[in-house]
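Summary of structural features
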Amino acid sequence: MPLSEEELRLLEQMERALVEEDPKFASTLRGTSLRRSARRRAILAGVVFVAGIVVLMTGVISQVIPLGIAGFVIMLVSATVSLTAIRGQAAVAAEPRATGHPSGFAVIDGGRGSRLRRPRRASAGRQSHGSFMERLEERWRRRREQNGGF
């Protein structure tokens, strides 16, 4: 059900007041600062990863084992931070948003139902109904019937 003209006007007024009152919060709601910070974090993690390689190679060349281990740990942590930032950036970009509103604000549909689920493939001749436990119970019942109750 679309909003009336008055409701749209009130909503735009509230959005403008929010932007004037707290621009940082408004940009967070838009998601632009989240993408920007995730990109910045990924780039910084890449630079730190290269520094970790330098520390690791310095430790190997100078035969200082703790320095080499420190370089490896630096590389590992920066790779983890980078992957987390990239995944977060992809998740923010993939969020469903309402379109066409000039302020950039949108209603986001969230919750458990928003996850993509892969349909299960039933193997030839069998149907996979029910939960795991139900299937186990069905198998157990068939075995007992085939063996005469033993």
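If you're wondering where the values come from, they're calculated on a predicted model, not measured in any experiment.

**Let's talk about unusual backbone geometry**
With a phi close to 60°, Gln63 is a non-glycine residue in the positive phi region. Take Gln63: its relative accessible area is 70%, and that puts it in the exposed class.

**Focus on a nonpolar patch on the surface**
A cluster of nonpolar side chains, namely Ile65, Ile69, Phe72, Val73, Leu76, Val77 and Val81, defines an oily patch on the protein surface of about 650 Å² accessible area. Tracing the chain through its elements places Ile69 in helix 4 (residues 65-94).

**Considerations on the confidence of the model for the protein**
Taken over all residues, the pLDDT of the protein has a mean of 76, while the share at 70 or more is 65%. In this model, residues 96-100 is a region of pLDDT below 50 whose contacts with residues beyond four sequence positions or in other chains number eleven contacts. Considering only residues more than four positions removed or in separate chains, one finds that residues 109-115, a stretch of pLDDT under 50, has three contacts.

**Concerning the pattern of salt bridges**
The final tally for this structure, using the stated rule, is four salt bridges. Among the ionic pairs, Arg9 bridges to Glu6, the shortest N-O distance being 3.9 Å. Highlighted residues: Arg9 and Glu6, both in helix 1 (residues 5-21), separated by three residues, approximately one helical turn. Its salt-bridge partner being Arg142, residue Glu138 comes within 3.7 Å of it at the nearest N-O pair.

**Some details on the environment of Leu44**
Looking at where Leu44 falls in the secondary structure, it is placed in helix 3 (residues 32-61). Relative accessible area serves as the criterion here: at 54%, Leu44 is assigned to the exposed category. Put simply, Leu44 and Ser78 are 34 residues apart on the chain and 8.5 Å apart in space, counted from C-alpha to C-alpha.

Rules used throughout
Throughout, residues of each chain are indexed from 1 in the direction in which the sequence is written. The predicted origin of the model limits local features to residues at a pLDDT of at least 70 and limits the giving and counting of side-chain atom pairs to 80 or more, whereas totals for whole chains, interfaces and linings rest on all residues. Side-chain metrics in this entry use all non-hydrogen atoms of the structure; hydrogen atoms and water are not considered. Burial classification: accessible surface area is computed with a 1.4 Å probe over protein chains only, and a residue below 20% of its type maximum counts as buried, one above 50% as exposed, and the rest as partly exposed. Patch membership requires more than 30% relative accessible area and the absence of a salt bridge. Residues of like charge join within 9 Å; the nonpolar side chains Val, Leu, Ile, Met, Phe, Trp and Tyr join within 5 Å. Each accessible area is a Shrake-Rupley estimate made with a 1.4 Å probe; only the visible protein chains count as cover when residues are assessed. Should a side-chain nitrogen of Lys or Arg be within 4 Å of a carboxyl oxygen of Asp or Glu, the pair is scored as a salt bridge. Comment: elements are numbered from the N terminus, with helices defined as DSSP H or I runs of at least four residues and strands as E runs of at least two. Known as pLDDT, the predictor's per-residue confidence is scaled from 0 to 100. Contact criterion: two residues are considered in contact whenever any of their non-hydrogen atoms come within 4.5 Å of each other.

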